[in-house]
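Notes for the structure review
So the chains spell out like this:
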Amino acid sequence: MERPEPELIRQSWRAVSRSPLEHGAVLFARLFDLEPDLLLLFQYNCRQFSSPEDCLSSPEFLDHIRKVMLVIDTAVTNVEDLSSLEEYLAGLGKKHRAVGVKLSSFSTVGESLLYMLEKCLGPAFTPAVRAAWSQLYGAVVQAMSRGWDGK
């Protein structure tokens, strides 16, 4: 697999990482638009959210957004050596599998990530930037999917 273009990734992430919670909320709002059933996977204290808005404003979910943005941040930091994250990402995959996430949902997460980047970066979200992020995300999902294989 081709290596994503590190400079494009880092540059574009800088804009996002200034306000990770805000941009993470955009990502998840888009995700729930595209795949509303995913909302059912998020329950805290046995409480089911009545709407995406309800979920996106809960402190527990905001904490989840922070964690997701941190994982992306870690991938960006290690973009030139993603293999160093293999075990960490496979473990993350296992956790997601355990709570009922389907591997197929990760393509929707990928679409939502690109949507968020486009909203954040505007005209700076060029085809080259999109391609670099698609590669990076593809590599992350590939590593996480090992958690589904149980290898």
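Cut-offs applied
Residues numbered from 1 in each chain as written. Predicted model: local features only at pLDDT ≥ 70, side-chain atom pairs only at ≥ 80, totals over all residues. Heavy atoms only, no water. Phe/Tyr/Trp six-rings, centres within 6.5 Å; stacked < 30°, edge-to-face > 60°. Helix = DSSP H or I, 4+ residues; strand = E, 2+ residues; numbered from the N terminus. Buried < 20%, exposed > 50% of the residue type's maximum accessible area, 1.4 Å probe, protein only. Polar contact = N/O pair within 3.5 Å; in protein donor to acceptor, adjacent residues only side chain to side chain. 1 Å grid on protein atoms, 1.4 Å probe; cavity = no way out; pocket = protein on both sides within 12 Å on 5 of 7 lines; lining within 4 Å. Points joined across faces, edges and corners; volume = space filled by probe spheres on them. Nonpolar A, V, L, I, M, F, W, Y, C, P; charged D, E, K, R; others polar.

1. Description of the packing of aromatic side chains
In the structure shown here, the tally under the stated rule is 8 aromatic pairs. Between the aromatic rings of Phe28 and Phe61, the centroid separation amounts to 5.1 Å while the plane-to-plane angle is 85 degrees, which identifies the pairing as edge-to-face. Here Phe28 is found in helix H2 (residues 20–34), whereas its partner Phe61 is found in helix H4 (residues 59–77), with 33 residues between them in sequence. Judged on exposure class, the residue Phe28 and its partner Phe61 are both buried. Between Phe106 and Trp148, the ring centres sit 5.6 Å apart and the planes meet at 85 degrees, which makes this aromatic pair edge-to-face. Taken together, the residues Phe106 in helix H6 (residues 105–121) and Trp148 in helix H7 (residues 127–149) connect sequence positions 42 residues apart. Classification of Phe106 as buried rests on a relative accessible area of 9%.

2. Looking at the side chain of Ser145
Following the sequence through the fold, Ser145 ends up in helix H7. Look at Ser145 and you get buried, because its relative accessible area is 15%. Within the local environment of Ser145, its side chain forms a polar contact with the backbone oxygen of Gln142, the two atoms lying 2.7 Å apart.

3. Regarding the layout of surface pockets
Of the voids in this model, the largest pocket is the one considered here, and its volume is about 870 Å³. Around the largest pocket sit 32 residues that line it, and His64, Val68, Leu92, His96 and Met144 are the ones nearest its centre. Of all elements in the fold, only H2, strand E1 (43–44), H4, helix H5 (86–98), H6 and H7 reach the threshold of two or more residues within the lining of the largest pocket. Among the elements that make up the lining of the largest pocket, the one with the highest residue count is H4 (7 residues). Looking at side-chain class alone, the lining of the largest pocket contains 24 nonpolar, 5 polar and 3 charged residues.

Geometric descriptors of this kind do not, in isolation, establish any biological role.
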